[in-house]
Amino acid sequence: MTYSIIGSGNVGTALARQFARSGITVGIANTRGPDSIAPLAKELGAKVVPQTLQDALKADVVILAVPFRAHTTVASALESWSGKVVVDAMNTYGVSPEELKGQASTDVVAAAFPGAKIVKTLNQLPAKLLAQDPSVNGGRRVMFVSSNDANAEALMATLVADLGFAPIQLGKVNVGGMLIGMGGSLILQNLIKQA
Amino acid sequence: MTYAIIGSGNVGQALAYRFARSGISVSIANTRGPDSISDLAKKLCPAVTAVHLQDALNADVVIFAVPFAAHAVIAQAIATWEGKTVIDAMNFREPSLAPLGGLQSSEFVAKSLPGAKVVKTFNQLPAALLASDPAESGGRRVMFVTGNHDEANSAVADLVASLGFAPVVLGKISDGGSLLRFGGPLVLQNLIKLGS
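Everything numeric in this text was worked out from a predicted model, so none of it was measured.

### A few points about the overall build of chain A
Assigned secondary structure in chain A consists of 8 helices and 10 strands. By the compact-globule yardstick of 16 Å for 195 residues, chain A fits well, its C-alpha radius of gyration being 15 Å. For chain A, the residues scored as buried account for 50% of the 195 residues in total. Long-range contacts, defined as pairs at least 24 residues apart, comprise 68% of the intrachain contacts of chain A with a sequence gap of at least 6.

Structure representation (structure tokens):
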């Protein structure tokens, strides 16, 4: 399984840090090119590989860590998303419900990535907390996972666990995804699952 | 606001402990009468008072801590549930909701309590953990709350906080209720909430 992070802002950087800490190789790309990410990759070591956007999109699992509206640009950069898992780590700051046409934001993303299995996770913590070691006081920080595709959800729960978090699978987007969406009751919760 | 726990099994006792530790008065009743609960009440006095079922049902907030099937018996024991908040601390321990007509168990309970505002909480931890101090590792143990009446959800969340837990309100039964069903992803999770 190959992974890439699209976006090198606060969330993308926090995620790169977790991959590096866990020893899992990940590509990272943005629209400005790999040179702009070289200093971060140098800091985090060999597991974090700066790539061109095109190369990063070859990964089996593509993690969207860009501002919400930028997902359409990423979507159009690849001819077919068939068979890929796309992780929606975005939030809809400043995006009105009208713009989402009343849909869950993850469903809006899904429509832009036909053929991909969309999983919402890694979106729900402030970047600073997301970057921290998820091992706390003998427990692990909770990361909720939601998807309409049960297999992809389970797969990403495993990744989340490999990154050191305690995954909790909330199931379908119309229930679980709403709770970890903007204004939902499970977003921005610093929860530690006890062993 | 007056509170009553119906049921003196593991869950009812665990809740009585928490009320006593938090210094919040609560009455407790079962179908066998107050004498059967006198030992517990003695241990947890003065906060916990053993009473008759009828007296317990006078409380503003009635907590159902009985086996699921017994809720129907409690429902018949009072003429009207109008204006009361009922906390559903029960679990419907079957993998399928078909026997409930496909309803979430709290919705099924609500049908037998016309006029009551039903809130589901206290159902999701093993009794021993429910009874233990929710302050742990610099945070507080999470207690999820869900119900179809926002005001009742808020009031119950306040109670949950007063008992020392970190309440997380999941909204309506259609939003959060299915996550708190028996076998659901938020049941039997020992979560400590850190920070504010």
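### With respect to the interface of chain B and chain A
On the chain A side, the residues contacting the 20 residues of chain B number 17 residues. Elements that contribute at least two residues to the side of chain B that touches chain A include exactly β8 (139-147), β9 (166-169), α8 (173-176) and β10 (191-193) of chain B. Across the side of chain B that touches chain A, the residue classes tally to 9 nonpolar, 9 polar and 2 charged. One ladder, built from 3 bridges, connects strand β10 (residues 191-193) of chain A with β10 of chain B; its direction is antiparallel. Opposite Leu-191 of chain A, over in β10 of chain B, you have Lys-193 of chain B as the bridge partner.

### Topic: the environment of Thr-73 of chain A
All names here are of chain A. Checked against the element boundaries, Thr-73 lands in helix α4 (residues 71-75). Under the C-beta neighbour-count criterion, Thr-73 is labelled partly exposed, with 13 such atoms within 10 Å. Note: C-alpha distance between Thr-73 and Ala-112 (39 residues apart in sequence) is 9.6 Å.

### Here's the deal with helix α1 (residues 10-22) of chain B
Residues and elements named next belong to chain B. Over its 13 residues, α1 extends 18 Å from the first C-alpha to the last, a length consistent with the 18 Å expected when each residue adds 1.5 Å. Listed in full, the buried residues belonging to α1 are Val-11, Gly-12, Gln-13, Ala-14, Leu-15, Ala-16, Tyr-17, Arg-18 and Phe-19. Those residues of α1 hidden inside the fold are in contact with β1 (3-6), β2 (26-29), α2 (38-43), β3 (48-50), β4 (61-64) and α6 (127-131). Looking one or two places after α1, you find Gly-23, whose phi comes out positive at around 70°.

### So, the pairing of strand β2 (residues 26-29) of chain A
Residue and element names in this part refer to chain A. Residues Val-26 and Ile-28 line one face of β2 and the alternating positions Gly-27 and Ala-29 line the opposite face, and both faces are buried. One ladder, built from 3 bridges, connects strand β1 (residues 3-6) with β2; its direction is parallel. The partner of Ile-6 across the bridge, within β2, is Ala-29. Between the parallel elements β1 and β2, the chain passes through helix α1 (residues 10-22) in a crossover that is right-handed. Where β2 lies against strand β3 (residues 48-50), 3 bridges are found, and the strand directions are parallel. Note that in β3 the partner of Ile-28 across the bridge is Pro-50. Regarding topology, helix α2 (residues 38-44) serves as the crossover connection from β2 to the parallel β3, and that connection is right-handed.

### A closer look at helix α7 (residues 150-162) of chain A
Residues and elements named next belong to chain A. With 13 residues, α7 extends 18 Å between its outermost C-alpha atoms, agreeing within 8% with the 18 Å of an ideal straight helix rising 1.5 Å per residue. Every buried residue belonging to α7 is among Ala-152, Glu-153, Met-156, Ala-157, Leu-159 and Val-160, and all of these are buried. Down the axis, α7 shows its buried residues gathered within 160° of arc, on one side only. Relative to its buried face, α7 has exposed residues pointing more than 90 degrees away, namely Ala-150 and Asn-151. In this structure, the buried residues of α7 make contact with β5 (85-88), β6 (117-120), β8 (139-147) and β9 (166-171).

### Some words on the environment of Cys-45 of chain B
By secondary structure assignment, the location of Cys-45 of chain B is in the loop between α2 and β3. In this structure the C-alpha to C-alpha distance between Cys-45 of chain B and Ser-27 of chain B, which are 18 residues apart in sequence, comes to 11 Å.

### Quick look at the confidence of the model for chain B
Chain-level statistics for chain B give a pLDDT mean of 96 and a share of 99% at 70 or above. Among the prediction metrics, the complex's ipTM stands at 0.91, with pTM recorded as 0.94.

### Some remarks on the nonpolar core
By size, the foremost hydrophobic cluster in this structure holds 123 residues, and its most contacted members are Ile-63 and Leu-64 of chain A together with Ile-6, Ile-63 and Phe-64 of chain B. Of all the elements, α1 of chain B adds the most residues to this core, at 6 residues. Among all residues touching Ile-6 of chain B, those that are not within four sequence positions of it are Ala-29, Ala-56, Val-62, Ile-63, Phe-64, Ala-65, Val-66 and Ile-74 of chain B.

### Some details on unusual backbone geometry
Put simply, Cys-45 of chain B and Pro-46 of chain B share a cis peptide bond, and its omega is 5°. Relative to the elements of secondary structure, Pro-46 of chain B occurs in the loop between α2 and β3. The backbone of Leu-122 of chain A sits at a positive phi, close to 65°, despite the residue not being glycine. Inspection of the secondary structure puts Leu-122 of chain A in the loop between β6 and α6 (127-131). Of the residues examined, Leu-122 of chain A has 27 C-beta atoms within 10 Å and is grouped as buried.

Conventions used here
Residues numbered from 1 in each chain as written. Chains lettered and ligands numbered in written order. Predicted model: local features only at pLDDT ≥ 70, side-chain atom pairs only at ≥ 80, totals over all residues. Helix = DSSP H or I, 4+ residues; strand = E, 2+ residues; numbered from the N terminus. Rg over C-alpha atoms; globule rule 2.2 N^0.38 Å. Buried ≥ 20, exposed ≤ 12 C-beta atoms within 10 Å, placed from the backbone. Contact = placed C-beta atoms within 7 Å. Nonpolar A, V, L, I, M, F, W, Y, C, P; charged D, E, K, R; others polar. Pairing = 2+ DSSP bridges. Expected span 1.5 Å × (residues − 1). Right-handed = clockwise from strand over helix to strand, strands pointing away. Arc of directions from axis to C-beta. pLDDT = per-residue confidence, 0-100. Core = buried A, V, L, I, M, F, W, Y, C linked by C-beta atoms within 7 Å.

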